Amino acid sequence: MSERRRIRVRLPALPPPSLRALRTPADPAFWRSPVRGARFTAVLGVILLVGLTLLSVTGLLSYAAYNPDLHPVNDKTPGKGRLGFYLFAWPTGPHWLYRLTQGLHVTVGIVLVPVLLAKLWSVVPRLFALPPARSAAHALERVSLLLLVGGALFTFLTGLLNIQLDYVFPGSFYALHFYGAWVFLAGFVAHVALKAPQAVRVLRRGIPRGEPDALAAPAPLPATLSRRGALAVVGAGSLLLLVTSAGRSFDGPLRRIALLTPRGGTDPGPGPNAFPVNKTAAAVRIGPADTGERWRLTVRGRAGEFRLSLAELLAMEQHSARLPIACVEGWSTSDQLWRGVRLADLAALAGHPDRPPGVLVESLQRSGSFRKAALRDNQVRDARSLLALEVNGAPLSLDHGCPARIIVPAAPGVLNTKWVETLTFGEP
Ligand SMILES: Nc1nc2c(c(=O)[nH]1)N[C@H]1C(S)=C(S)[C@@H](COP(=O)(O)O)O[C@H]1N2
Ligand SMILES: [Mo]
């Protein structure tokens, strides 16, 4: 009799399994991890505030670096409307500019994945909270969260897939990533305005005595991992991703440990042309017959149209420039020694001797993306901008754009057209 009474006294602390099973995610007691809490969320939030700001700025810069407002061939999101309000003429210096901004963009994006997932996990009970909206302000906040979470997941996913799928992204990566990013940005700005003061307060002064921790489980399970330990797990995940991805922007052993990226894993082998190739000649069905004796460069400008053979190009004044290839997918090469004819000299030949205009570059590649690109006048005028015929003392290999390719300082790889066939000055 007395035994039974004691059991009855204990029951309210932990409902019987049948009752617990009835709990829904809308019930705060459904969520039992002792790791959740305002401080844990605030630490992750502040890391994301810094990281996502860097990610957004470098992403917007990457779009500007394409010079999408210059010519339709550069514009991968023609319907952008007002969203291109901030575009500007991408500079040509420092020559490693895009290597830095895009290396940061992709590396920071990869490294933030565990932080983003941990942050979402830390607040997931809120997603199910009922009623869905307590007031107009609360409804507005929840809509901004939808934009934020949906936009973030979508933009991260398209970015990560694009890096992994390496030029075979189904559909238009640029449009998806661009519009997804703007949806995310709208939610991000609203969320930071609403929540940053609170996060900073919690981190500075902790939760005031007597106030409940709204993000902590009301009935937590016994801890198997401290909050600090959980943050360390997230940090270790990010560190692992950093080590296995950042190397794609460097040469030597670092590139070899960049296991997570298609570009980082391959050893380009020895020789002057031994640096990564994005799209091989074979992949776009270009063979030695297209690039050999029969090849001519067509140049158009104020002076009309004329054609130059490789021998004629080599007879012009040759100039050198040490410049990297820096791809939108985040990988880059160290500076390579390019040699060839200055774009400004070709512009002068085409009838633009004083202030060279922009140029439309067309490749002999017949299918696939990136066969054409437009360069702005500031890019043509830079003395380091070349129609390169050699790299590191050897003729360009077939895969690197033999017999002639564009190389422009600070520009994204997309603008460094390979297997050039036609230059039209004054077109953009
Ligand atoms: N004709 C042509 N040129 C091209 C491309 C292409 O697909 N076709 N890809 C561009 C991109 S996206 C990059 S990153 C660089 C890579 O140059 P690489 O293969 O010599 O490293 O070439 C650029 N030039
Ligand atoms: Mo690229």
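Residues numbered from 1 in each chain as written. Chains lettered and ligands numbered in written order. Predicted model: local features only at pLDDT ≥ 70, side-chain atom pairs only at ≥ 80, totals over all residues. Heavy atoms only, no water.

Draft legend 1. Structural context of the overall build of the chain. Within the chain, the secondary structure is distributed over 14 helices and 10 strands. The C-alpha extent of the chain, read off along each of the three principal axes, is 105 × 45 × 35 Å. Taken across its 428 residues, the chain has 46% of its residues classed as buried. For the chain, contacts bridging at least 24 residues in sequence account for 72% of all contacts bridging at least 6. (Helix = DSSP H or I, 4+ residues; strand = E, 2+ residues; numbered from the N terminus. Buried < 20%, exposed > 50% of the residue type's maximum accessible area, 1.4 Å probe, protein only. Contact = heavy atoms within 4.5 Å.)

Draft legend 2. Region of the structure containing the side chain of Arg32. Mapped onto the elements of the fold, Arg32 is located in the loop between helix H2 (17–20) and helix H3 (38–65). For Arg32, which is buried and forms no salt bridge, the nearest opposite charge comes from Asp27, at a distance of 9.6 Å. Engagement of the side chain of Arg32 in a polar contact is seen with the backbone oxygen of Ala219, the distance being 3.0 Å. (Lys, Arg positive; Asp, Glu negative; His and termini not counted. Salt bridge = Lys/Arg side-chain N within 4 Å of Asp/Glu carboxyl O. Polar contact = N/O pair within 3.5 Å; in protein donor to acceptor, adjacent residues only side chain to side chain.)

Draft legend 3. Fine view of empty space enclosed by the protein. As enumerated under the stated definition, the model contains 3 cavities of 30 Å³ or more in all. Lining the largest cavity are 33 residues, with Gly59, His105, Thr155, His177 and Ala181 positioned closest to its centre. At the level of elements, H3, helix H4 (97–111), helix H6 (136–165) and helix H7 (173–205) are the ones that each hand at least two residues to the lining of the largest cavity. Of all the elements, H7 adds the most residues to the lining of the largest cavity, at 8 residues. (1 Å grid on protein atoms, 1.4 Å probe; cavity = no way out; pocket = protein on both sides within 12 Å on 5 of 7 lines; lining within 4 Å. Points joined across faces, edges and corners; volume = space filled by probe spheres on them.)

Draft legend 4. Here's a closer look at the packing of H4 against helix H8 (residues 227–243). The N-to-C vectors of H4 and H8 enclose an angle of 145°; their axes lie 8 Å apart at closest approach. Relative to H8, H4 is oriented so that their crossing is right-handed. For the pair H4 and H8, contact is made by Thr107, Ile110 and Val111 and by Ser238, Leu241 and Leu242, respectively. Considered class by class, the residues forming the contact of H4 with H8 number 4 nonpolar, 2 polar and no charged. (Axes fitted to C-alpha atoms, helices over the stretch in contact; angles between N-to-C directions. Left-handed = near helix turned anticlockwise from the far one by under 90°. Nonpolar A, V, L, I, M, F, W, Y, C, P; charged D, E, K, R; others polar.)

Draft legend 5. Just the environment of Ile407, in detail. Relative to the helices and strands, Ile407 resides in strand E9 (residues 405–407). Judged by its relative accessible area of 0%, Ile407 is buried. Ignoring sequence-local partners within four residues, the contact set of Ile407 consists of Leu323, Pro324, Ile325, Trp338, Arg384, Ser385, Leu386, Ala388 and Asn416.

Draft legend 6. Inspection of the pattern of salt bridges at higher detail. Within this structure, the stated rule accounts for 10 salt bridges. For Lys195, the salt bridge is made with Glu141, and the minimal N-O distance between the two is 3.3 Å. Note that Lys195 is positioned in helix H7 and Glu141 in helix H6, a separation of 54 residues in sequence. Judged by its relative accessible area of 21%, Lys195 is partly exposed. A salt bridge links Arg384 to Asp382; its shortest N-O distance comes to 2.9 Å. Classification of Arg384 by relative accessible area gives partly exposed; the value is 30%.

Draft legend 7. Representation of the domain arrangement of the chain. Domain boundaries in the chain define domain 1 (28–249) and domain 2 (282–425). Listed by partner, the interface residues are 31 residues for domain 1 and 30 residues for domain 2. For the pair domain 1 and domain 2, the summed buried area comes to about 2,600 Å², and 54% of that belongs to carbon and sulfur atoms. Linking domain 1 with domain 2 are 1 salt bridge, by the criterion used here. Between Asp69 and Arg376 there is a salt bridge, with its nearest N and O atoms 2.9 Å apart. The tally of links between domain 1 and domain 2 comes to 16 residue pairs in polar contact (both at pLDDT 80 or more). Elements represented by at least two residues in the side of domain 1 that touches domain 2 include exactly H3, H4 and H6. Per-element tally for the side of domain 1 that touches domain 2: the top contributor is H4, with 6 residues. Classifying every residue of the side of domain 1 that touches domain 2 by side-chain character gives 15 nonpolar, 11 polar and 5 charged. (Domains from an automatic or database assignment. Buried area = accessible area lost by both parts, 1.4 Å probe.)

Draft legend 8. A look at the site of ligand 1. For ligand 1, the set of nearby residues contains 20 residues, the closest of which are Lys279, Gln365, His400, Arg405 and Lys418. With respect to ligand 1, the side chain of His400 contributes an N or O atom lying 2.6 Å from an oxygen atom. Arg405 places a polar side-chain atom, nitrogen or oxygen, 2.6 Å from an oxygen atom of ligand 1. About the coverage of ligand 1: the protein hides 100% of its 530 Å² of free accessible area. (Near = heavy atom within 4 Å. Areas by Shrake-Rupley, 256 points an atom, 1.4 Å probe, with all protein chains shown as cover.)

Draft legend 9. Structural detail: the sheet that holds strand E6 (residues 372–375). Taken in spatial order, the 5 strands line up as E2-E1-E10-E5-E6 in an open sheet, and their pairing is mixed. Of all the strands in the sheet, the pair left with one neighbour each is strand E2 (304–308) and E6. Taken pair by pair, the neighbouring strands of this sheet meet at an average axis angle of 15°, ignoring direction. When strand E5 (residues 359–363) meets E6, the two strands line up antiparallel, connected through 4 bridges. If you follow Val359 over to E6, its bridge partner there is Leu375. (Pairing = 2+ DSSP bridges.)

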